[in-house]
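Chain residues, written in single-letter form:
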Amino acid sequence: MNDVKESIKRNKVVFTKFTWKIVLFTIHYRVKVNDIMSQLEKNGYCNLVSAGDYKLNALKVGNVNGKHKIVCCSGLNDSTMNFSWRNMTKNIEEENELIFIDRAGYGFSDDTKTERSVERVVEDYRTVLKNIREEGPYILLGHSISGLYTSYWQNKYPEEVEGVIIMDGTLCTRVDEEEGRDIKRQWHTLNISEKIGFEPFVMKQIYGKLADNMSKKELDMNIYIFSKTTSAHATISEAEMIYQNAKTVLDSLEPNDIPKLFIDAQYYFDEKPEDKQDYWNPFEEKLGNCQLVSLYGTHAIYMDRAAECSKVIEDFIDGIE
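All values reported here derive from a predicted model rather than from experimental measurement.

Is there a simple way to think about the layout of surface pockets in this case?
Rolling a probe over the atoms, with the probe sized like a water molecule, indicates the empty space that remains. If you add up the space inside the largest pocket, you get close to 890 Å³. Around the largest pocket, the lining is made up of 33 residues, and of these Leu-76, Ser-144, Gln-186, Gln-266 and His-299 lie nearest the centre. At the level of elements, helix H6 (177–195) and helix H7 (199–207) are the ones that each hand at least two residues to the lining of the largest pocket. Along the lines of polarity and charge, the residues of the lining of the largest pocket split into 17 nonpolar, eleven polar and five charged. In this model, the second largest pocket occupies a volume close to 200 Å³. If you go around the second largest pocket, you meet 13 residues; those closest to its centre are Phe-83, Ser-84, Asn-87, Met-214 and Glu-218. For the lining of the second largest pocket, the secondary-structure elements that each account for two or more residues are helix H2 (81–84), helix H3 (86–89), helix H8 (216–229) and helix H12 (301–304). When residues of the lining of the second largest pocket are assigned to their parent elements, the largest contribution, three residues, is made by H8. For the lining of the second largest pocket, the residue count by class is seven nonpolar, four polar and two charged.

Structure below.
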């Protein structure tokens, strides 16, 4: 009997210690996020603009009298592009104006429970641009999931777009229902991880590989702001709707003459001809006038190979003129 009581007592002690560790992790995480957000706001990274029922963060950089207006659209959960992309864009900014617009739930942008359909996302971008009085035509520069948004945008409003650049974009031809379900499950797990303050450990697995390109401060900024975004209603909705949005884009696309560039960083079309045949060729045919450039590295190609990515983009822009 005494042995049973001692075992229960030990288990209670272990459980109590574990609970306190979670509480301390959570408190440390929240404090760290708030501190980084405060520093970013002091440094001018917060500029909220109405998108209707909520506000989105829109940061303008570069040459306001430049040759082109480039609208930057991040990958899923990437609420750090207005500083993490800058090694790639610094040369591009000399002759062009860049407009970084964070989607709902990202960084300083308001969160929303409004469904994140591709139509809604594109209208958010367009409304913000209207409200900051930035008229087209634009060059759309999108990464990852924004391959869907920019493809839909240039198809629906071709008069607003003079060029499209997609960095390792999500191919609407590649997303099926099973992948959509996997992404949905993954995002709900990440949401739980963020709630208890464990998400930075997950993000370190991603950004740790790129640490050589960043200072400790920059690494923390990416890890913690990325982590914060995983629990936003809007981000979860984007993840949940990826299959539906991919289908909407694929069904709506019609080829046009707008010049387009797709930077392939991971799909290895050169090494997997079957992937090129099954996924890339149908997408290229639907888009029309799209150049494929292989620049292999990590999915975060804008950080992994910033200089090379910048050169490819600059050459493409020069060809539009």
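Can you help me understand empty space enclosed by the protein in this one?
Under the counting rule described, the total for this entry stands at one cavity of 30 Å³ or more. What the largest cavity holds in volume is close to 50 Å³. Lining of the largest cavity is provided by Met-37, Leu-40, Tyr-45, Asn-57, Ser-79, Asn-82, Phe-83, Asp-102, Gly-107, Phe-108 and Ile-225. Of all the secondary structure elements, the ones that give two or more residues to the lining of the largest cavity are helix H1 (2–42) and H2. The residue makeup of the lining of the largest cavity, split by class, is six nonpolar, four polar and one charged.

Hey, could you run me through the nonpolar core in this one?
It is characteristic of soluble globular proteins that their nonpolar side chains tend to be buried jointly. Membership of the largest hydrophobic core comes to 51 residues, with the highest contact counts inside it found for Val-71, Ile-101, Leu-129, Leu-148, Trp-153, Phe-262 and Phe-283. Examining the composition of this core, we find that six residues originate from one element, helix H4 (residues 118–131), more than from any other. With sequence-adjacent residues up to four places away left out, Phe-262 is seen in contact with Ile-166, Asp-168, Gly-169, Leu-171, Tyr-267, Trp-280, Phe-283, Cys-290, Gln-291, Leu-292 and Val-293.

Explain the packing of H4 against helix H5 (residues 146–156) to me, please; I cannot follow it from the model alone.
Between two packed helices, both the angle of their axes relative to each other and the distance between the axes serve to describe the pair. The geometry of H4 relative to H5 is characterised by a closest axis approach of 9 Å and an angle of 70° between their N-to-C directions. By the angle class used here, H4 and H5 are roughly perpendicular. Between H4 and H5, the residues in contact are Val-118, Glu-119, Val-121, Val-122, Tyr-125, Arg-126 and Leu-129 and Ser-146, Leu-148, Tyr-149, Tyr-152 and Trp-153, respectively. Class assignment for the residues of the contact of H4 with H5 results in nine nonpolar, one polar and two charged.

Mind showing me how you'd approach a negative patch on the surface here?
The grouping of Asp-176, Glu-177, Glu-178 and Glu-179 at the surface amounts to a negative patch. On the secondary structure map, Glu-177 appears in helix H6.

I tried to follow the environment of Val-293 on my own but got confused; where do I start?
Counting through the fold element by element, Val-293 comes out in strand E8 (residues 290–294). Judged by its relative accessible area of 17%, Val-293 is buried. Excluding residues within four positions of it along the chain, Val-293 makes contact with Leu-261, Phe-262, Ile-263, Asp-264 and Val-312.

Would you explain the pattern of salt bridges in this entry?
Two side chains that carry opposite charge are able to pair once their charged atoms sit near each other. All chains considered together, the criterion is met by 17 salt bridges. A salt bridge links Arg-126 to Glu-160, with the shortest nitrogen-to-oxygen separation between them at 2.5 Å. Here Glu-160 lies in the loop between H5 and strand E6 (161–167) and Arg-126 lies in helix H4, a separation of 34 residues in the sequence. Exposure remark for Glu-160: the relative accessible area of 14% places this residue in the buried category.

Even after reading the chapter, I still don't get the sheet that holds strand E2 (residues 55–62), so can you show me in this structure?
Backbone hydrogen bonds are what pair the strands of a sheet, in a parallel or an antiparallel way. One open sheet accounts for eight strands, arranged E1-E2-E4-E3-E5-E6-E7-E8; its pairing is mixed. Every interior strand has two partners, whereas the edge strands, strand E1 (48–50) and E8, have only one. Taken pair by pair, the neighbouring strands of this sheet meet at an average axis angle of 25°, ignoring direction. Of the strand pairs in this sheet, strand E5 (residues 138–143) and E6 are connected by six bridges, and their pairing is parallel. Bridge pairing in E6 places Leu-140 opposite Val-164. In this fold H4 packs onto E1, E2, strand E3 (68–73), strand E4 (96–101) and E5, with an angle of close to 105° to the strand it touches most, E1. Lying over the sheet, helix H13 (residues 306–320) contacts E3, E4, E5, E6, strand E7 (260–264) and E8, oriented at roughly 160° with respect to E6.

Parameters and conventions
Residues numbered from 1 in each chain as written. Predicted model: local features only at pLDDT ≥ 70, side-chain atom pairs only at ≥ 80, totals over all residues. Heavy atoms only, no water. 1 Å grid on protein atoms, 1.4 Å probe; cavity = no way out; pocket = protein on both sides within 12 Å on 5 of 7 lines; lining within 4 Å. Points joined across faces, edges and corners; volume = space filled by probe spheres on them. Helix = DSSP H or I, 4+ residues; strand = E, 2+ residues; numbered from the N terminus. Nonpolar A, V, L, I, M, F, W, Y, C, P; charged D, E, K, R; others polar. Core = buried A, V, L, I, M, F, W, Y, C linked by side-chain atoms within 4.5 Å. Buried < 20%, exposed > 50% of the residue type's maximum accessible area, 1.4 Å probe, protein only. Contact = heavy atoms within 4.5 Å. Axes fitted to C-alpha atoms, helices over the stretch in contact; angles between N-to-C directions. Parallel < 35°, antiparallel > 145°, perpendicular 65-115°, else oblique. Patch = residues over 30% accessible without salt bridge, like charges linked within 9 Å, V, L, I, M, F, W, Y side chains within 5 Å. Areas by Shrake-Rupley, 256 points an atom, 1.4 Å probe, with all protein chains shown as cover. Salt bridge = Lys/Arg side-chain N within 4 Å of Asp/Glu carboxyl O. Lys, Arg positive; Asp, Glu negative; His and termini not counted. Charge placed at Lys NZ, Arg CZ, Asp CG, Glu CD. Pairing = 2+ DSSP bridges.

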